[in-house]
Each structure stands twice: as structure tokens, then as C-alpha cells.
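The chain contents come next:
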Amino acid sequence: MKKYLFQIFVLLFCSLKSIADEGMWLPQLLQTLNEKQMKKMGMKINASDIYNINKGSLKDAIVSLGGFCTAEVISNQGLILTNHHCGFDAVQNHSSLEHNYIRDGFWAYNKNQELQNQGLFVSFIISIDEVTNAIIKDINNNMTEKERQSVIDKNIAQIKKDYKKETYQDIFIRPFFEGNKYFLFVTETYKDVRLVGAPPASIGNFGKDTDNWMWPRHTGDFSMFRIYADKNNHPAEFSPENIPYTPKKSLAISLKGMKEGDFTMVFGFPGRTNEYLSAAAIKQIMMVNDPAKIKIRHEALDIMKSFMTKDEGIKIQYAAKYASIENAYKKWQGEVLGLTKSNAIQKKLDYQAQFTSRLASNPEWQSQYGKILEELSSTYKEIESLTFARDYYNEIMPKIELFNVAAALTSHISNLGKDDAANLDKNKKINGKIDDIFNEYNAVLDQQLFEKLLTLYVNDQPKENTSPLLQELLTIKTIHEIANDIYTASVMTKADNIKSILAGDSKSLVDIIKNDNLFRLYTDINETYTNKIGNKISSIQLNINKLQRQYMEAQLTVFNDKVFYPDANSTLRVTYGNVKGYQPRDGMNYDYYTYMDGVMEKYKPGDYEFDLPKKLIDLYTAKDFGRYGVDGRQPVCFIAANHTTGGNSGSPALDAYGNLVGLNFDRVWEGTMSDINYDPSICRNIMVDIRYVLFIIDKFAGASNLIEEMKIVKK
Ligand code: ARG
Ligand code: ASP
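About the criteria used
- Residues numbered from 1 in each chain as written.
- Chains lettered and ligands numbered in written order.
- Predicted model: local features only at pLDDT ≥ 70, side-chain atom pairs only at ≥ 80, totals over all residues.
- Heavy atoms only, no water.
- Near = heavy atom within 4 Å.
- Polar contact = N/O pair within 3.5 Å; in protein donor to acceptor, adjacent residues only side chain to side chain.
- Nonpolar A, V, L, I, M, F, W, Y, C, P; charged D, E, K, R; others polar.
- Disulfide = S-S within 2.5 Å.
- Helix = DSSP H or I, 4+ residues; strand = E, 2+ residues; numbered from the N terminus.
- Phe/Tyr/Trp six-rings, centres within 6.5 Å; stacked < 30°, edge-to-face > 60°.
- Buried < 20%, exposed > 50% of the residue type's maximum accessible area, 1.4 Å probe, protein only.
- Lys NZ or Arg CZ within 6 Å of the ring centre and 35° of its normal.

A. Molecular detail of the site of ligand 2. Around ligand 2 sit His85, Trp213, Thr645, Gly646, Gly647, Asn648, Ser649, Phe665, Asp666 and Arg667, and that is every residue in its neighbourhood. Contacts to ligand 2 include Arg667, whose side-chain N or O atom sits 2.8 Å from an oxygen atom. For the shell around ligand 2, a count of residues per class yields two nonpolar, six polar and two charged.

Written out as C-alpha cells, the structure is:
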């Protein structure tokens, strides 16, 4: 009995404790689920100040930037703040050798200097409503997954049609808790978003790949844009007539800074997490999927780096590609380490044991959910080797640029119609795509990727899963000889060749392409994948989705004393936690703040990652921090126990009063496994202190015009 009581105590204590920092919460449910605890942790405002559909609340200052990052409104003239790495594409698109904004930074000293960005948009969330019942009506347990989905799609379409909204608003509906709940979002999307400011990459991406996913950090990862609206303040396409957007709410900025233990919250659009997987699924990620992806990226990055360090031109061409491949490569390594170190599999097994014993206490639960875990485990076994092949395919194919050319041409051919006039437009598109690929292409580098990655493709997989054509070629030639043939003889190795073929009639286009050796190999690898792997995965995946949905339903039912948050799905969430350091390893203690002294410690003149602009060094030497320094030091970054993920980049870090104190941009290495298993002892998000952001804008760039727009409070 005593032992039993102790177990209950441990269980209660653990779940309360983890809930304190863990979770990405729906803003409209804070009042019911979280407000009390948030206040206990230090929050001084009410849940209704965060989300309110009747008056301006904090949520009206938060936007999804382009669907991949978060940004926030910081002036009553539509000025928004996000990360440097979120705005980087825009900065890069405006950069040239004469105007090297990547290297030198960009600042608009008045609105006329702001730069237009094709395709960039921001979305506000106007309201959120639960629509579960209307979505899952007409559904029963005898339906196949496909039948079920088609009923849901039909219901979604109907609700979207019937729902009352303004003409300038949009609606989307998303599943939550693996399809156990559905919420409807009314949004307003502004498509005229102009670049206002970005520091040099030596500040905005200081430390680059070496420091990425790491603490202690010293990066000024921010950039600024402005939202423009039509004369009614409504969404509009770009037009010179548009005016700066007047927000319902803009964030006030506090220069007070954060101390250990202070309450913080991060408000934004986290992309994807998987917190409710079974032990079997986590094991597969750790043992099969992450290692497969890491191995391929390791080889690809090695090859790219060997070229980039020798050739400045290639370095510029491949910089963005390299950074993006490296970002996930490094994250997955941290993830495996973190899952191992935090004993994630054992933790899940313990949780499953609790789950199983609760099932046993209730015959109805037992009969409904008693087999799920077993079935999940056997289904994961069934899909395991297929997911390895899927990861190999997904990782290898897009890294070989000539395969991207073949892919673009394949889809172009399949889209061609009989109408030559309509095809003209399609020709323009494909020509643009070909240019994009070849602008960032080096033939020697690409051939090395081709040889290395296809070697892994054949060596690491069972024969029956790989391309018969490639196997046949390999019986007569080495991979190097095969590559040589292709990279010298294929018509697809030069943009001009391809364009002149594209300009001809479509019949000869199809003939030439179909007889090309690169194209034939590409097609054979693709078809082998679809027949041997892709089709099977899709059908098993349907089964996993169903089991996962039932497992989620079961967890919500049997742990009805626990408060659950739904996995991230790129919808608006609030996460909260206190500012604190952590112990990465035995005997090591990490502080929660960094200062410019640390920037200078890392400074390496002329280095690709750790060089600094002279002006920044001068300001540091003169201790000229203005009102942004404290006691002669300039704060730079800090960490807290907020549960964030990819997509949260650019999210505001808010203090107890809802004032802006920092900008979220990363997580610590030891805690990147928070997407799968949040561990409050080592999971920390990394934010740049707002005072460093303002110091750079004001003192470094002299853009006082922007500072004047902002509302800076003393509290
Ligand atoms: N790790 C950050 C997040 O996942 C990105 C940081 C961008 N910087 C870089 N060096 N890649 O997206
Ligand atoms: N750096 C990520 C982002 O771009 C944030 C994270 O994964 O913590 O959204």
C-alpha cells in the first residue's frame, strides 16, 4: 500500500512538474486550462489580455510570416520584427555585388526606401473556434481510413462554405490531437510586406553553423519588415498606393531585462511536434530514421564544404543550401543524443505501463483500447525498413541538382497541353526554374554528390529496393564512369541546352528528354521507389494514423486527470516558462544570460563565422551602449524553459506584463529532442534580448526613425 501511495505521489508530482514548462497551448483555452498556473508562475496579466475576440489583445500583434516563421507588430504603423534567418531570403533576393545587404545589412531611413518582396505574406488570426462535432458527424468505426477522410473533407468544405466571414478574410480548419478535435481559424493575410531593416550577417548570423543550436549564444538574429494595407486597412496585393497597416494591437517594449526565475511566454506558430508517440515509434526515429538522414547529410556536407572552402564563388552559390542542410543535420544529432541521455524510450515504456494498468482498471477501456500498443509496435516493425528506404530516397534525390533538373522537366512534360499559347506560360515557368537551379550549380561538385550518394544508395539497401537500371550499369562500369558519361553527355547539364530544347516543339522535346541517360536513370530510381516502397508506405501509414488517433483518444480518456496540449501543427500557440540556466553535463553549469563581452571573446578577424563589423567593435570598446546597456555591459541573449519548435523562430518573448523583452530564435543542443520528449531539466529556448536588437538599430545602424515608432515602457 505504501509503495502504491508513493507511486501515485511520484506520478502526480512528475506530471505537475512537467506541465509547468511543457506545452504549446491554444490561446483561446488559456483561461480554462492555464491562467491559474501562469499567474502562479508570475504572470501579471489575464488570459483575456492574450486572446480576446472582442477587443485588441496580444494575439492581434502576432503574425505567421510566410507560413514558416513568426513575426510581431511593434509599432502602430505596421512595423514587424522577426529573425534574421526568417527574413534572409528577402535580404538575399535584394542583394547584389553593388548592394551586398547580406554582408553590409540594410536599413530604410524612411518609408520610401523600404523594399517590396514578391510572394512574402503575413497572416493574422482573427478568431479560433472548435468545430469537432460538425467535422466528425457521419463518421463511424466501420469506415476505412480513406472513407473516413472523404467524409471529413466533405464536411470541412461545407463548413467553410457556410461560415460567416468578411470577403477579405480566409478560413482554414485543422485537426488536433491526431484528428480527435478540429478547430477553425479565421485569418487575414496581407501580401504587401516590405523589407525595413536587417543587420549584417556577421551580427544577424554571428557564429553561423558552429554556434547554431548551441548555448552560450551571441547572435543578433533579427530583421524588420512593414505590413502595408489598402486604404481601408484591409489586405491587398502590392501597390504603391497602399498605406502602412494600422494594427489592432502592437507590442510595447520593455528595457528592464530578465532575471533568473522571471516569467516569460513565447507566442507564435510552432510547426510540428510528436509528443504522443509510442516507445516503438521513438525507437525507430532514434535507431533508423535520424541515423539514416544524418549519414547522408554528413557525406553531402563534406563534399560541399570541401568546394566552398576553396572557392569563394561556390561558397556564395551554395551558402543557403549548405545552411539549410546543416541546420536539420545538426538538430537530428542533438535529438538522438538528447533522447538517449534523457532515457526517452524507458520513460515512454513507464508511461505505457501506467496506461496499461489504467486500462486494466476499466473493462470498457480494456476492450476498446487494450490492443493498441501491441498493434502500434507491430505496425512500426512492418514499416521500419520501408522508412529507411524512404529517408534514403528523400535525402539523396534532391541533393543531386541534375535530378532536380530531371524532376522539373518530368513535371513540365506531364503538364504540357495541346494548346501552344497556354504552353508558352508553362515554358516561362520552367525556364525560370532551370535558371534557379543552375544559378546555384557547380558541375564538378554535383558530380561528386551523384557518385557518393548513389554509392550509398546501392550499398546500404537491399538489392530489390534499388534501381535495376543502375544495378545493370554497375555490372559494366564504375559509378565514376557512369557519372562521367552523364555529366559530359547528358543534354541536361547546361541551362542553355535545356532552354533551346524547350523552345522547340513539344514532341521532339519529349523524345530528346526520354532518351537522355540522366533522365532514364532518374525515372528508373523513381519508379522503383514508388513500386517497392512508396505505395506500401502509404498504405501502412494510413493504419499508423488510425492507431495513433485511437492511442491519442485513449490517452485523453484514461489520463483524464492530466491536462493535455495538442502537438504543434503550425497554428497559433502560447508557451510559458521561467528564465533559467541548466546543467548540460555533470559538473557544468550554464548561465542564463550572455553579454557583448562574449561576442568579443568569439571574435576572429577575417573568419567566415566569427568576424565582426568594425563599427560594432568600436561601440563595444567605447562602451557606447546608450540606454540599452546595464552597468557598462550590453546584454545579448538569454534562455528560458519555454517549449518551442521550428516555426517559433521570430516569436516574441514576453514578460509578465505582456511586454516584448526578446525574440525567440533557437533551442539548446541538449534539448532539441523537445519535439518528441520535452525534458524540463535540459530543454531551453534561446532568445535575443530586445535591448541588443534596439542597440543595433539605434547605435549601430543609426535608424532612430524606427526607434521613434516603437512604444518603449519602463515597467
Ligand atoms: N537553428 C535555427 C532554427 O532551426 C536556425 C538558425 C539559423 N542559423 C543557421 N546558422 N542556420 O531554425
Ligand atoms: N530555429 C527554429 C526556427 O527557425 C526554432 C527552433 O527550432 O527552436 O523556427
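B. Structural detail: the state of the cysteines. One pass over the full model with this rule turns up one disulfide. The side chain of Cys69 participates in a disulfide bridge whose partner is Cys86; the two sulfur atoms lie 2.1 Å from each other. Between Cys69 and Cys86 the sulfur-sulfur dihedral comes to about -70°; the bridge is accordingly left-handed. Of the two residues, Cys69 sits in strand β2 (residues 69–73) while Cys86 sits in helix α5 (residues 84–93), which places them 17 residues apart along the sequence. In this model Cys637 remains outside any disulfide bridge; the closest cysteine sulfur is found in Cys86, 14 Å from its own.

C. Spatial organisation of the packing of aromatic side chains. The tally for this structure, following the rule as stated, stands at 29 aromatic pairs. Between Phe124 and Tyr190, the ring centres sit 5.7 Å apart and the planes meet at 85°, which makes this aromatic pair edge-to-face. Of this pair, Phe124 sits in strand β5 (residues 122–130) while Tyr190 is found in strand β7 (residues 181–190), placing the two residues 66 residues apart along the sequence. Look at Phe124 and you get buried, because its relative accessible area is 3%. A relative accessible area of 1% means that Tyr190 is categorised as buried. A ring pair is formed by Tyr276 and Tyr565, whose centres lie 5.9 Å apart and whose planes are at 55°; its orientation type is tilted. In this pair, Tyr276 is assigned in the loop between β12 (263–268) and α11 (279–308) and Tyr565 in the loop between α23 (517–558) and β13 (573–578), connecting sequence segments 289 residues apart. In this structure, Tyr276 and Tyr565 share a single accessibility class: buried. Over the face of the ring belonging to Phe564 we find Lys562, whose NZ or CZ atom lies 4.7 Å from the ring centre. Above the ring of Tyr595, the side-chain terminus of Arg633 is found at 3.9 Å from the ring centroid.

D. Broad picture of the site of ligand 1. Within the structure, ligand 1 sits among His85, Asn205, Lys208, Asp209, Asn212, Trp213, Asn327, Phe665 and Asp666. Taking Asn212, its side chain carries an N or O atom lying 2.7 Å from a nitrogen atom of ligand 1. Contact distances for ligand 1 include 2.9 Å between a nitrogen atom and a side-chain N or O atom of Asn327. Broken down by secondary-structure element, the contributors of at least two residues to the shell around ligand 1 are α10 (208–211) and β17 (660–667). In terms of residue class, the shell around ligand 1 is built from two nonpolar, four polar and three charged.

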